[in-house]
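# Structural characterization, general
Listed below are the residues making up each chain.
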Amino acid sequence: MRFAVRFAFLLLVSLMTVAAPAAAQALGDETYVSTARAAILMDAKSGRIFYEKDADTPLAPGSMSKLMTQAVVMDLVKSNALSPDTMFTVSTNAWKKGGAASKGTTMYAKAKSEISVLNLLRGSIIASGNDACITLAEGIDGKEQTFVNRMNTKAEEIGLKNSSFRNSTGLADPAQKMSVRDLALLARYIILNHPAFFTIYSEKSFNWSDINQPSRNPLLVDYPGADGMQTGFTKDGGYGIVGTVERDGRRLIMVLAGMPSVDERKAEAEKMLDWGLSKFRAVEVYAEGDRVGRARVWGGKDDWVDLVTKTSFSVALTKEERKTAEVKLTYKGPLLAPVKAGDEVGIVKVFIEGRVVAELPVMTSTSVDPVDSMWQKALDSAMIMAFGG
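All figures in this text were calculated on a predicted structure; none of them were measured in a lab.

Procedures and definitions
Residues numbered from 1 in each chain as written. Predicted model: local features only at pLDDT ≥ 70, side-chain atom pairs only at ≥ 80, totals over all residues. Heavy atoms only, no water. Pairing = 2+ DSSP bridges. Helix = DSSP H or I, 4+ residues; strand = E, 2+ residues; numbered from the N terminus. Axes fitted to C-alpha atoms, helices over the stretch in contact; angles between N-to-C directions. Contact = heavy atoms within 4.5 Å. Phe/Tyr/Trp six-rings, centres within 6.5 Å; stacked < 30°, edge-to-face > 60°. Buried < 20%, exposed > 50% of the residue type's maximum accessible area, 1.4 Å probe, protein only. Lys NZ or Arg CZ within 6 Å of the ring centre and 35° of its normal. Parallel < 35°, antiparallel > 145°, perpendicular 65-115°, else oblique. Nonpolar A, V, L, I, M, F, W, Y, C, P; charged D, E, K, R; others polar. Core = buried A, V, L, I, M, F, W, Y, C linked by side-chain atoms within 4.5 Å. Salt bridge = Lys/Arg side-chain N within 4 Å of Asp/Glu carboxyl O. Polar contact = N/O pair within 3.5 Å; in protein donor to acceptor, adjacent residues only side chain to side chain. Expected span 1.5 Å × (residues − 1). pLDDT = per-residue confidence, 0-100. Arc of directions from axis to C-beta.

Next up on the list: the sheet that holds strand β9 (residues 238-247). Taken in spatial order, the 5 strands line up as β3-β2-β10-β9-β8 in an open sheet, and their pairing is antiparallel. Edge positions in the sheet fall to β3 (49-53) and β8 (226-234), since each of these pairs with one other strand and no more. Each adjacent strand pair in this sheet contributes to an overall mean axis angle of 10°, direction not counted. Where β8 and β9 come together, 8 bridges link them in antiparallel fashion. Note that in β9 the partner of G228 across the bridge is T244. Where helix α11 (residues 262-278) meets the sheet, its contacts fall on β2 (38-43), β3, β8, β9 and β10 (250-259), and the angle it forms with β10 comes to roughly 145°.

Shown next as structure tokens:
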């Protein structure tokens, strides 16, 4: 049985608002219009959209479509169909189309060399290596085009409605298209389903074949909180970026497409993120050790135990969100004695329009020993059977 407790969150907001990051204050709540051909700004946790411009038009994504290659590989690893330690051989085809000989983005993999799945993933993410992507595709399915079928199937599974893939790399192809909304949804899919792999996107360099290769993501250089994900370029599609940033426990996903230059892409990406972050204020919901509720205990010397926060709990909210935010405590009951102090038994969640934007585990404040009386145990057992706790 689940219990839900609603709290007077508006009171907390009025009492506990703290200052926004300095970088976010400059734009305030001014109206923002992106100069990109297409753009979107999304909350990674809830999927809420804060800004969009021409978000559903299929465009040439360039290397941003590598996110789908990476997602397919990550899913295979997660399902144990593939090991991160599996070694794949770099074919002559992969070297010619995506290696140093191609003069495109590469991890400088040597032809006929063997590289692990994990290092190929790192090469595709950090160095945006075309050779890494082709080697992964060929290693998994024998032929790149067979792997591309997986990419299109995965797009349907995730719910990408304006995407079509013809290769694993993002190399120019008139039929390789993605909308900025699809790119944001794909980025969110990776963030939520593959948190361990997601940390690779924040790595600033990658060394292979004795060549140190800096990340192609300009946000990682000097933008506070930036932690991903992929850039792209084609002659027809211009310069694009899928960028992520986390501050005060809130992560934003930003996608730009159709920028005319590298410098303008970076400037516009930072401007959009500044605008998005300026809309948030950090709100302390609970301090460390605060009591958030209590749970029923069966078969214990005490009938109830307090549930408290393990750490302080803050969340970044917009002005509009602060008007409608709800905090709920959920736990699976009843708790059965013995109960140990510090057991994590529930979660406090912050909801915006029915969607979770932040959560924190709660724990028992004290221990509860079991009763010695057989009669009391029998009575509690009967109560559980009759009322479910």
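Further remarks concern the packing of aromatic side chains. Taken as a whole and judged by the stated rule, the model has 7 aromatic pairs. For the pair F50 and F280, a centre-to-centre distance of 5.4 Å together with 85° between the ring planes defines the contact as edge-to-face. Separated by 230 residues along the polypeptide, F50 in strand β3 and F280 in strand β11 (residues 280-286) bring together distant segments of the chain. Of the two residues, F50 and F280, both sit in the buried class. Each ring, one from F206 and one from W208, has its centre 6.0 Å from the other, and the planes form 5°; the classification is stacked. Judged by relative accessible area, which is 1%, F206 ranks as buried. Classification of W208 as partly exposed rests on a relative accessible area of 22%. Positioned above the aromatic ring of W298, the side-chain terminus of R296 is 3.8 Å from the ring centre.

This paragraph deals with the packing of helix α3 (residues 66-78) against helix α7 (residues 144-158). Where α3 contacts α7, the two axes come as close as 10 Å, and the packing angle between them is 85°. For the element pair α3 / α7, the angle class is roughly perpendicular. Mapping the contact onto sequence places M68, T69, V72, V73, D75 and L76 in α3 and F147, R150, M151, K154, A155 and I158 in α7. Of the residues assigned to the contact of α3 with α7, the class counts are 8 nonpolar, 1 polar and 3 charged.

The next thing to look at is the nonpolar core. One recurring pattern in soluble globular proteins is that nonpolar side chains are buried together. Ranked by internal contacts, the top residues of the largest apolar core, which has 58 residues, are M229, V242 and I253. Sorting the residues of this core by element identifies β2, α3, α5 (117-126), α6 (130-141), α7, α8 (180-193), α9 (195-198) and β10 as the ones contributing at least two each. Beyond its immediate chain neighbours, meaning those up to four positions away, I253 contacts I40, L41, M42, A44, A184, A187, R188, I191, V242, G243 and T244.

This brings us to the side chain of T105. Topologically, T105 is positioned in the loop between α4 (92-98) and β5 (114-116). Setting aside residues no more than four positions away along its own chain, T105 makes contact with S63, K66, G98, A127, S128, G129, N130 and R216.

Let us look at the pattern of salt bridges. All told, the structure shown has 19 salt bridges when counted by the stated rule. Linking K154 and D75 is a salt bridge whose minimum nitrogen-to-oxygen distance equals 2.8 Å. Here D75 lies in helix α3 and K154 lies in helix α7, a separation of 79 residues in the sequence. D75 shares its class with K154; the two are buried. Close ionic contact of K310 with E344 constitutes a salt bridge, the shortest N to O distance being 3.5 Å. Placement of the pair is K310 in the loop between β13 (304-309) and β14 (313-318) and E344 in strand β17 (residues 344-352), with a sequence separation of 34 residues. Judged by relative accessible area, K310 falls into the partly exposed class, the value being 44%. Each of D43, R48, R250 and E321 takes part in a single network of salt bridges with overlapping partners.

What follows concerns the side chain of S168. Within the element layout of this structure, S168 appears in the loop between α7 and α8. On the basis of relative accessible area, S168 is assigned to the buried category, the value being 0%. Side-chain polar atoms of S168 contact the side chain of E144, separated by 2.8 Å. Setting aside chain neighbours within four positions, we find S168 in contact with K66, T69, C133, I134, A137, E144, F147, V148 and M151.

Count 3.6 residues to each turn of an α-helix, and residues three or four apart come out pointing the same way. Between its terminal C-alpha atoms α8 stretches 20 Å, which fits the 20 Å expected from 14 residues at 1.5 Å a residue. Burial runs high along α8: 10 of the 14 residues are buried.

Our focus in this paragraph is the environment of L273. In this structure, L273 sits in helix α11. Along the primary structure L273 and L252 are separated by 21 residues, whereas in three dimensions their C-alpha atoms are 7.9 Å apart. The contacts of L273, once residues within four sequence positions are left out, are L41, L219, Y223, V245 and M254.

Detailed reading of predicted coordinates is not advised where the pLDDT is low. Predicted confidence across the chain gives a mean pLDDT of 89, with 88% of residues reaching 70 or more. Confidence drops under a pLDDT of 50 for residues 1-29, and excluding neighbours within four residues, the segment shows 64 contacts in the predicted structure.

Here α7 spans 21 Å end to end across 15 residues, near enough to the 21 Å set by a 1.5 Å rise per residue. When we look at burial in α7, the residues that qualify are E144, F147, V148, M151, K154 and A155. When α7 is viewed along its axis, its buried side chains cluster within an angular range of 115° and face the same direction. Opposite its buried face, α7 presents the exposed residues E156 and E157, each directed more than 90 degrees away. Against the buried residues of α7 lie α3, α4, α6 and α8.

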